[in-house]
Amino acid sequence: MKSAIAAQTAFLFLSSILLVACSKTSNINPTTNTSNVIPIGIAFAQTSNVALLGQEGTDGVKIAEKYFNHIGGINGKPIKLVFQDTGGDEAGAINAFQTLINQYKVVGIIGPTLSQQAFSANPIAERNRVPVIGASNTAQGIPEIGDYVARVSSSVAVVAPYSVKAALKQNPQIKRVAVFYAQNDAFNKSETDIFQKTVKDLGLNLVTVQKFQTTDTDFQAQASDAINLKPDLVIISGLAVDGGNLVKQLRELGYKGIIIGGNGFNTSHIFSVCRALCEGVIVAQAYSPVYPSQINTIFRKAYIEQYQREPPQVSAQAFAAMQVYVEALQSLDKKTEINKLTLPQLRTQLNQELLKGRYQTPLGEIAFTPAGDVIQKEFYVAQLKMEPNGIKGKFSFLNIK
Ligand code: 1QQ
């Protein structure tokens, strides 16, 4: 009975999504939480070289807002997203957090896009006792920033090793590994530590570690140095544009072995950077579009209807972050009418409530450690497959069992 109602609800949601998609955003009452909507702050990059990743987060939370409001919001009260552009740096993220907390009086925040930004902006939420859920922060140490900081994006420590094991499955002869990483970014520094440890733990020979900046476009020197050492596996921790250009230049210089890209490669926007030369790059994933659950089917259909492609990991993670807020608010409201709470009470009780829950999300079932790190069960590895024209591509999921 429950599932029949849910299926009918899902159908109504899908058939109405285009109509809802056209509706305009209205201003929320910024001074009180007793307005007739519940404001949730979204601090993603809408500008800068991180905007493409930020856009994927925005796509995910917008689908969640429509869906959860359609099925009744917080026991009848709708949620309202308030967007603030963080840009790609720390200052932008700090500004966005301050505006959301002080001006828009949000009950909680989702963001920022990069771990590099989270290490600066999350302490502001912590000091103001405002919950933050990271939807794309994967560096080690994010949940430990404070009691009000959690994340639904699994750590590099959990996800990155899957790709190295998948590369060894494809080529058991791999012995010599070259590692590259962007040294000006917290996530990339954290991820390369894990990659380097995995390489050593698997008994492989780490022949070189090359550094670059996320703003670099020319990688000839580092790529040539690495190729001279004859690696049969290259592992890159960078963001999509720099990482994609590095792949391109490695291939142009004649490197023929397997390439692994880290979580910064986890966006379809990489295709337009390395084009045909992206072919074969291996990327571990914390989301599979075909994960067989009702909520993922709803999310995936809504995403494909709107964007005509498979949902990427960051969109699914952003949807899951919204789902955590919605379901934690619903369960809190059943215990204590949230209308009657002051904003500081609501923020604190919401933070406590969200850490207790179990959520059936598009990522699968998730819960949190006491520190606020996500507990997730299923991980995947995909390989980039480019169409012959080199313009369109897809993530093709590998069998890693
Ligand atoms: C981080 C990341 C980024 C690559 C995702 C947007 O994982 O900064 O933690």
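Owing to the predicted nature of the structure, the values given are computational and were not obtained by experimental measurement.

A.B. asks: Explain the pairing of strand β1 (residues 38-44) to me, please; I cannot follow it from the model alone.
C.D. replies: Along β1, seven of the seven residues are buried, which leaves the element largely enclosed by surrounding structure. Along β1, one buried face is formed by I38, I40, I42 and F44 and the opposite face, lined by P39, G41 and A43, is buried too. In terms of strand pairing, β1 meets strand β2 (residues 79-85) through seven bridges, oriented parallel. Looking at the pairing, I38 lines up with I79 of β2. Considered for its hand, the β-α-β crossover made up of β1, helix α2 (residues 51-70) and β2 is right-handed.

A.B. asks: What am I meant to see in the site of the ligand here?
C.D. replies: Around the ligand lies a shell formed by L53, T113, L114, S115, S136, N137, T138, A139, F187, L239, N263 and G264. S136 is positioned such that a nitrogen or oxygen atom in its backbone is 3.2 Å from an oxygen atom of the ligand. Protein contacts shield 100% of the accessible area of the ligand, which totals 280 Å² for the unbound molecule. Within the shell around the ligand, the residues separate by chemical class into five nonpolar, seven polar and no charged.

A.B. asks: Would you mind showing me how to read the packing of aromatic side chains here?
C.D. replies: Within a pair of aromatic rings, the relevant descriptors are the distance that separates the centres and the angle that separates the planes. The tally for this structure, following the rule as stated, stands at 12 aromatic pairs. Each ring, one from Y67 and one from F68, has its centre 5.0 Å from the other, and the planes form 65°; the classification is edge-to-face. For Y67, a relative accessible area of 8% translates into the label buried. Ring geometry for Y303 and Y307: centres 4.6 Å apart, planes at 45°, overall tilted. Of this pair, Y303 and Y307 both sit in helix α10 (residues 294-307), separated by four residues, roughly a single helical turn. A residue is classified by how much of its surface remains accessible, and Y303, at 0% relative accessible area, is buried.

A.B. asks: Help me out: how do you make sense of the environment of G76 in this one?
C.D. replies: Of note, G76 is situated in the loop between α2 and β2. Classification of G76 by relative accessible area gives exposed; the value is 62%. Between the C-alpha atoms of G76 and V37, which are 39 residues apart in sequence, the distance is 9.8 Å.

A.B. asks: Teacher, can you tell me more about the sheet that holds strand β11 (residues 359-361) here?
C.D. replies: Taking strand neighbours across the sheet as the criterion, the three strands line up as β11-β12-β13 in an open arrangement whose pairing is antiparallel. One side of each edge strand has no neighbouring strand; the edge strands of this open sheet are β11 and β13 (374-375). Of the pairings in the sheet, the one linking β11 to strand β12 (residues 364-368) comprises three bridges and is antiparallel in character. Each bridged residue has a counterpart across the sheet, and for Y359 the counterpart in β12 is I366.

A.B. asks: Would you mind showing me how to read helix α12 (residues 343-356) here?
C.D. replies: Each turn of an α-helix holds 3.6 residues, which means side chains three or four residues apart point in the same direction. The end-to-end C-alpha distance of α12 is 20 Å, a good match for the 20 Å that 14 residues give at a rise of 1.5 Å each. For α12, every residue scored as buried is listed here: L343, L346, R347, L350, N351, E353 and L354.

A.B. asks: Explain the pairing of strand β14 (residues 380-386) here, please?
C.D. replies: Where burial is concerned, most of β14 is hidden: six out of the seven residues are buried. Relative to β14, strand β10 (residues 282-285) runs antiparallel, the two sharing four bridges. Residue pairing for β14: Q285 is matched across the bridge by Y380. With five bridges connecting them, β14 and strand β15 (residues 393-397) associate as antiparallel partners. The partner of M386 across the bridge, within β15, is G393. Adjacent in sequence and paired antiparallel, β14 and β15 are bridged by six residues, among which G390 carries a positive phi angle near 75°.

A.B. asks: Would you mind going over the nonpolar core with me for this structure?
C.D. replies: Nonpolar side chains in soluble globular proteins generally cluster together in the buried interior. Membership of the largest hydrophobic core comes to 47 residues, with the highest contact counts inside it found for I40, I110 and L354. Of all elements in the fold, only β1, α2, β2, α10, α11 (313-335), α12 and β12 reach the threshold of two or more residues within this core. When neighbours within four sequence positions are excluded, I40 is seen to be in contact with I79, K80, L81, V82, V106, V107, G108, I110, M322, Y325 and L329. The next biggest cluster of nonpolar side chains, apart from the first, holds 34 residues, and it includes L53, I142, F187 and I194.

A.B. asks: What is the right way to read the pattern of salt bridges from this model?
C.D. replies: Two side chains bearing opposite charge may form a pair once their charged atoms approach each other closely. On inspection of all chains with the given rule, the structure shows nine salt bridges. One network of salt bridges, with partners in common, ties together K335, E353 and K356.

A.B. asks: I keep staring at the state of the cysteines and nothing clicks. Help me out?
C.D. replies: Should the sulfur atoms of two cysteines be covalently bonded, the bond is a disulfide. Applying the stated rule across the entire model yields one disulfide. Each sulfur in the disulfide pair C274 and C278 lies 2.1 Å from the other. An S-S torsion of about 105° defines the bridge between C274 and C278 as right-handed. For C274, a relative accessible area of 2% puts it in the buried group. With relative accessibility at 0%, the residue C278 sits in the buried group.

A.B. asks: What exactly am I supposed to notice about the UniProt feature "domain: Leucine-binding protein" (unreviewed entry) in the protein here?
C.D. replies: In this structure's numbering, the residues bearing the UniProt feature "domain: Leucine-binding protein" (unreviewed entry) are residues 38-385. Within the segment residues 38-385, helix and strand shares are 45% and 19% respectively, and the terminal C-alpha atoms sit 42 Å apart.

Parameters at a glance
- Residues numbered from 1 in each chain as written.
- Predicted model: local features only at pLDDT ≥ 70, side-chain atom pairs only at ≥ 80, totals over all residues.
- Heavy atoms only, no water.
- Buried < 20%, exposed > 50% of the residue type's maximum accessible area, 1.4 Å probe, protein only.
- Helix = DSSP H or I, 4+ residues; strand = E, 2+ residues; numbered from the N terminus.
- Pairing = 2+ DSSP bridges.
- Right-handed = clockwise from strand over helix to strand, strands pointing away.
- Near = heavy atom within 4 Å.
- Polar contact = N/O pair within 3.5 Å; in protein donor to acceptor, adjacent residues only side chain to side chain.
- Areas by Shrake-Rupley, 256 points an atom, 1.4 Å probe, with all protein chains shown as cover.
- Nonpolar A, V, L, I, M, F, W, Y, C, P; charged D, E, K, R; others polar.
- Phe/Tyr/Trp six-rings, centres within 6.5 Å; stacked < 30°, edge-to-face > 60°.
- Expected span 1.5 Å × (residues − 1).
- Core = buried A, V, L, I, M, F, W, Y, C linked by side-chain atoms within 4.5 Å.
- Contact = heavy atoms within 4.5 Å.
- Salt bridge = Lys/Arg side-chain N within 4 Å of Asp/Glu carboxyl O.
- Disulfide = S-S within 2.5 Å.
- UniProt positions renumbered as here; feature names shortened; annotations may be inferred.

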